[in-house]
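# A structural walkthrough
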Amino acid sequence: MSRHSVMTLLCILLLSFLSTLVSAHKITVEASTKECFFEDLHQHDQMTITYQVGEGGHLDIDFWLTDPEGDVLAKQIRQSTGSTSITAEKDGRYEYCFSNQMSTMADKQVSFNVHGIIYIPEEADIVAPVEREIRSLAIGLLAVKDEQEYIVVRERRHRDTAESTNDRVKWWSVLQAVVLFSVVAWQVYYLKSFFEVKRII
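Residues numbered from 1 in each chain as written. Predicted model: local features only at pLDDT ≥ 70, side-chain atom pairs only at ≥ 80, totals over all residues. Heavy atoms only, no water.

Of regular secondary structure, the protein possesses two helices and eight strands. Going from the N terminus to the C terminus, the protein shows its helices and strands as α-β-β-β-β-β-β-β-β-α. When burial is assessed residue by residue, the protein has 28% of its 201 residues classed as buried. Taking all contacts inside the protein whose residues are at least 6 apart in sequence as the whole, residues at least 24 apart take part in 77%. For the protein, the exposed surface amounts to about 14000 Å²; the carbon and sulfur share of it is 60%. (Helix = DSSP H or I, 4+ residues; strand = E, 2+ residues; numbered from the N terminus. Buried < 20%, exposed > 50% of the residue type's maximum accessible area, 1.4 Å probe, protein only. Contact = heavy atoms within 4.5 Å. Areas by Shrake-Rupley, 256 points an atom, 1.4 Å probe, with all protein chains shown as cover.)

Further remarks concern the state of the cysteines. Following the criterion strictly, the structure yields one disulfide and no others. Disulfide partner of cysteine 36: cysteine 97, at an S-S distance of 1.9 Å. Every disulfide takes its handedness from the sign of the S-S torsion; for cysteine 36 and cysteine 97 that torsion is 110 degrees, giving right-handed. On the criterion of sequence distance, the pair formed by cysteine 36 in strand β2 (residues 34-41) and cysteine 97 in strand β7 (residues 92-99) is long-range, its members being 61 residues apart. Relative accessible area serves as the criterion here: at 31%, cysteine 36 is assigned to the partly exposed category. (Disulfide = S-S within 2.5 Å.)

As summarised here, the arrangement of the four strands in space is β2-β7-β4-β5, forming an open sheet in which the pairing is antiparallel. Lying at the two open borders of the sheet, with one neighbouring strand each, are β2 and β5 (72-79). On average, each strand axis in the sheet is tilted by 10 degrees relative to the strand beside it, whichever way the strands run. Taken together, the eight bridges between β2 and β7 define a ladder with antiparallel strand orientation. Bridge pairing in β7 links phenylalanine 38 to glutamate 95. (Pairing = 2+ DSSP bridges. Axes fitted to C-alpha atoms, helices over the stretch in contact; angles between N-to-C directions.)

For soluble globular proteins, the rule of thumb is that nonpolar side chains tend to be buried together. Counting residues in hydrophobic clusters, the biggest one holds 20 residues, and the most contacted among them are Met47, Leu65, Tyr96, Phe98 and Val110. Those elements giving two or more residues to this core turn out to be β1 (20-29), β3 (46-55), β4 (61-66), β7 and β8 (108-117). Ranked by residues supplied to this core, first place goes to β3 with four residues. (Core = buried A, V, L, I, M, F, W, Y, C linked by side-chain atoms within 4.5 Å.)

What the rule picks out here adds up to nine aromatic pairs. Plain terms: the ring middles of tyrosine 51 and phenylalanine 98 are 5.6 Å apart, the flat faces sit at 75 degrees to each other, and that makes the pair edge-to-face. One end of the pair, tyrosine 51, is in strand β3; the other, phenylalanine 98, is in strand β7, and 47 residues separate them in sequence. Take tyrosine 51 and phenylalanine 98: they sit in the same class, and that class is buried. With 4.9 Å between their ring centres and 40 degrees between their planes, phenylalanine 98 and phenylalanine 112 make a pair best called tilted. Note that phenylalanine 98 is positioned in strand β7 and phenylalanine 112 in strand β8, a separation of 14 residues in sequence. (Phe/Tyr/Trp six-rings, centres within 6.5 Å; stacked < 30°, edge-to-face > 60°.)

As structure tokens, then:
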């Protein structure tokens, strides 16, 4: 076997053992409602949820995470961005919810990522040092990806704010011009009528 094919086989083998799961979602949580999702975890599995409110209202959302028995593991109230990490202490379905029940009119757009690392006992490691390095790099890449998505959402929010401000300045300038021309026309009319000689027939 050539060195190239051995390296290719080794990379395929390492990637097959890399047990990092990633999913990214964008949802709209309507006013006075909540959206819930779940992940089935085994003991010692890790899960990280990061979220960012991109549009709607005051850009805030309620978030909570519960274990299979319904105990609340994390709760964040009226936050625009957040992150929660857990290590499962028991097997079962872990549920997390985004709630917009505090709002009666504004829908919220939420982007969130879910990262999971499946626990593999040490004795199951075949190429432990290399695999650990790959896992470490994968976790670092996920953190970079999260940060980039956060920056994109933040840039979009700031761009929307700048465009809104630009529109307000434009219409304020138009209003000022209309008022200025109205005052000038009134002053010309008033001065003209002031200097007119009134004749009595």
